[in-house]
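Architecture and fold: a report
Okay, here's what each chain looks like letter by letter:
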Amino acid sequence: MRAIVVRAVGGPEALELVDVPVPVPGVGQVRIRVEAAAVNPVDLATRSGALIPAGLMAPRDVIGIGWDVAGRIDQVGPGVTAFAEDDRVIGVQDRLDVSLGAYAEYVVLDAAAVAPAPSRLSAAEASTLPLNGLTALQSLDLLAAEPGATLLVTGAAGAVGGYAVELAALRGLRVVAGAGAEDEAFVRQAGARWFVERSADLAAAVRELVPGGVHCALDAAVLGLPALGAVRNRGAFVSVIGGAAPVPLRGIRVHEQWVAADSGALALLSSLADSGRLTPRVADTMPLQEAARAHRRLAEGGLRGRLVLVP
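Now for a look at the structure at hand. (Residues numbered from 1 in each chain as written. Predicted model: local features only at pLDDT ≥ 70, side-chain atom pairs only at ≥ 80, totals over all residues. Heavy atoms only, no water.)

**Examining the sheet that holds strand β2 (residues 15-19)**
Spatially, 3 strands are ordered β2-β1-β4 in an open sheet, and the strand pairing comes out antiparallel. Two strands in the sheet have a free side with no partner beyond their single neighbour: β2 and β4 (63-64). Sheet topology places strand β1 (residues 2-6) next to β2; 5 bridges connect them, and they run antiparallel. Bridged to Val6 within β2 is Leu15. (Pairing = 2+ DSSP bridges. Helix = DSSP H or I, 4+ residues; strand = E, 2+ residues; numbered from the N terminus.)

In structure tokens form, the structure reads like this:
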């Protein structure tokens, strides 16, 4: 089968299209025939080697790329009863110590990292759900805010931020969305009560809307201290990138979100998308062999939604 791997970390040119044996599922695993694989910022960091000095992955001779997948079950390993061949599924590869990721024609995942795909979505749309949806959902779980609490979401028009606004609104939170002026209509439609333009003095603007500051913040844009400044004393704050959280000033509970595969949470996200309460966004689709071009486009910024590779 064809797959994209990295053997020498570097720029987009480090992505190699190779022929490798089709992987075989083990106990508790399934093999998925990949129909779509979303491209995420973590893929760029993996390819470039930035995660190695950060201690998030060890050097490897061959590095697999890609977390998000949508496709069909092709083979079921021993002990798996929740899935059958030809089931449409979504899944997430949350390990960095692998030689094959989701940028491939087939991928093997633990059944605990897989859930039924939303029936109303295309494979490309469904592939944008796992990593970004789980990050948003698990970040909100860390904040543990009660209905009626105020929440700042930075990067609210991004892939994680957009899901976070929708999920927070479903939980009854009152959301302040920080994004570019051109995204105000989108974030309000997603459920934001208030909007703060990205170029504003964030803490001042938020505190003008919510005197005393918000109860909590989900920092999807990884702004750090400016976002923390918008949170009231003894509030809560979560950074969606491990190692990027600010110092917990003023008694604020500061968390770092380290996403983890979770079939139950994936099933919830799938159900919400099926009912129209989550909005997947696909910026563009590209053939698998154009992974390098996809990485260049993502690095340029300005995308609304995810780029998706199609084998």
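**A look at the environment of Ala244**
Turning to its location among the elements, Ala244 is positioned in the loop between β13 (231-239) and β14 (253-256). With 20 residues separating them along the chain, Ala244 and Gly224 place their C-alpha atoms 7.2 Å apart.

**Looking at the packing of helix α3 (residues 130-143) against helix α8 (residues 263-274)**
Interaxial distance between α3 and α8 falls to 10 Å at its minimum, and their mutual angle equals 100°. It follows from the interaxial angle that α3 and α8 lie roughly perpendicular. Between α3 and α8, the residues in contact are Pro130, Gly133, Leu134 and Leu137 and Ala265, Leu266, Leu268 and Leu269, respectively. The class makeup of the residues in the contact of α3 with α8 is 7 nonpolar, 1 polar and no charged. (Axes fitted to C-alpha atoms, helices over the stretch in contact; angles between N-to-C directions. Parallel < 35°, antiparallel > 145°, perpendicular 65-115°, else oblique. Contact = heavy atoms within 4.5 Å. Nonpolar A, V, L, I, M, F, W, Y, C, P; charged D, E, K, R; others polar.)

**Quick notes on the sheet that holds strand β12 (residues 214-219)**
Ordered by their spatial adjacency, 6 strands build an open sheet running β11-β10-β9-β12-β13-β14, and the pairing between neighbours is parallel. In the strand order of this sheet, the two ends are held by β11 (194-197) and β14, each with one partner. Averaged over all adjacent pairs, the angle separating strand axes in this sheet is 15°, with direction ignored. Across the sheet, α3 touches β9 (150-154), β12, β13 and β14, and the angle it forms with β12 is around 150°. With respect to the sheet, helix α6 (residues 202-209) is in contact with β9, β10 (174-179), β11, β12 and β13, its orientation differing from that of β11 by roughly 160°.

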